[in-house]
Amino acid sequence: GEQRGIFPFVLNWCTAQCPNIRIDTHQDNARMIHLIEQAHFTRCGIIYTRDNSPRIAYQNLGTSIVKD
C-alpha cells in the first residue's frame, strides 16, 4: 500500500508477453476494480471459484496500455 505505479508496470509487462489479459477480483476489492477499469478492461460478468465464491471477470485484448 505504500508503493505507487506497480499495477501499470505489471500490466504493461504482461501485455507485452500476451495481449489477451483476464483479471478476476472480489466485488469488495474497490481499489483493484478502480485500477482495472482505469486500464480500460471490459467487465464480462461473474465467475465462480472452486469454493463457489463469486468474482467479477474483466478482459482486455491489449487495446490500451496503462500509463504510470
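Positions within a chain are numbered from 1, following the residues in the order the chain's sequence is written. Side-chain atom pairs in this predicted model are given and counted only at pLDDT of 80 or more, local residue features only at pLDDT of at least 70, and totals for whole chains, interfaces and linings cover all residues. Side-chain numbers come from the whole structure's heavy atoms, not from hydrogens or water.

## Overview of the pairing of strand β2 (residues 42-48)
Turning to step 1, where the next piece is worked out: Both β2 and strand β3 (residues 54-60) contribute to a ladder of six bridges, which runs antiparallel. What sits directly across from Tyr 48, in β3, is Pro 54.
Turning to step 2, where the next piece is worked out: Between β2 and β3, which pair antiparallel one after the other, the connecting turn spans five residues, and Asn 52 there sits at a positive phi close to 70°. Strand pairing is defined by DSSP finding a minimum of two bridges between the two strands. Secondary structure follows DSSP: runs of H or I at least 4 residues long count as helices, runs of E at least 2 residues long count as strands, and numbering of each begins at the N terminus.

## Quick word on the pattern of salt bridges
Turning to step 1, where the next piece is worked out: Should a side-chain nitrogen of Lys or Arg be within 4 Å of a carboxyl oxygen of Asp or Glu, the pair is scored as a salt bridge. Taken as a whole, this structure holds one salt bridge when the rule is applied.
Turning to step 2, where the next piece is worked out: In this structure, the salt-bridge partner of Asp 24 is Arg 22, at a minimum N-O distance of 2.7 Å.
Turning to step 3, where the next piece is worked out: Taking the relative accessible area as the measure of exposure, Asp 24 reaches 30% and is therefore partly exposed.
Turning to step 4, where the next piece is worked out: Residue burial is assigned from relative accessible area. The probe radius is 1.4 Å, only protein chains are included, and a residue is buried under 20% of its type maximum, exposed over 50%, and partly exposed in between. The exposure class assigned to Arg 22 is exposed, which follows from its relative accessible area of 52%.

## Side note on the nonpolar core
Turning to step 1, where the next piece is worked out: Residues grouped as a nonpolar core are buried Ala, Val, Leu, Ile, Met, Phe, Trp, Tyr and Cys residues, joined through side-chain atoms within 4.5 Å. With eleven residues, the main nonpolar core is built from Phe 7, Leu 11, Ile 21, Ile 23, Ile 33, Leu 35, Ile 36, Ala 39, Phe 41, Ile 56 and Tyr 58.
Turning to step 2, where the next piece is worked out: Of all the secondary-structure elements, those providing two or more residues to this core are α1 (6-17), β1 (21-25), α2 (30-38) and β3.
Turning to step 3, where the next piece is worked out: Sort the elements by how many residues they give to this core and α2 lands first, with three residues.
Turning to step 4, where the next piece is worked out: Not counting the four nearest positions on each side in its chain, Ile 21 is found in contact with Leu 11, Cys 14, Thr 15, Phe 41, Tyr 58, Gln 59 and Asn 60. Whether two residues are in contact is decided by their heavy atoms: any pair within 4.5 Å suffices.

Remember that the coordinates give geometry; whether it matters functionally is a separate question.
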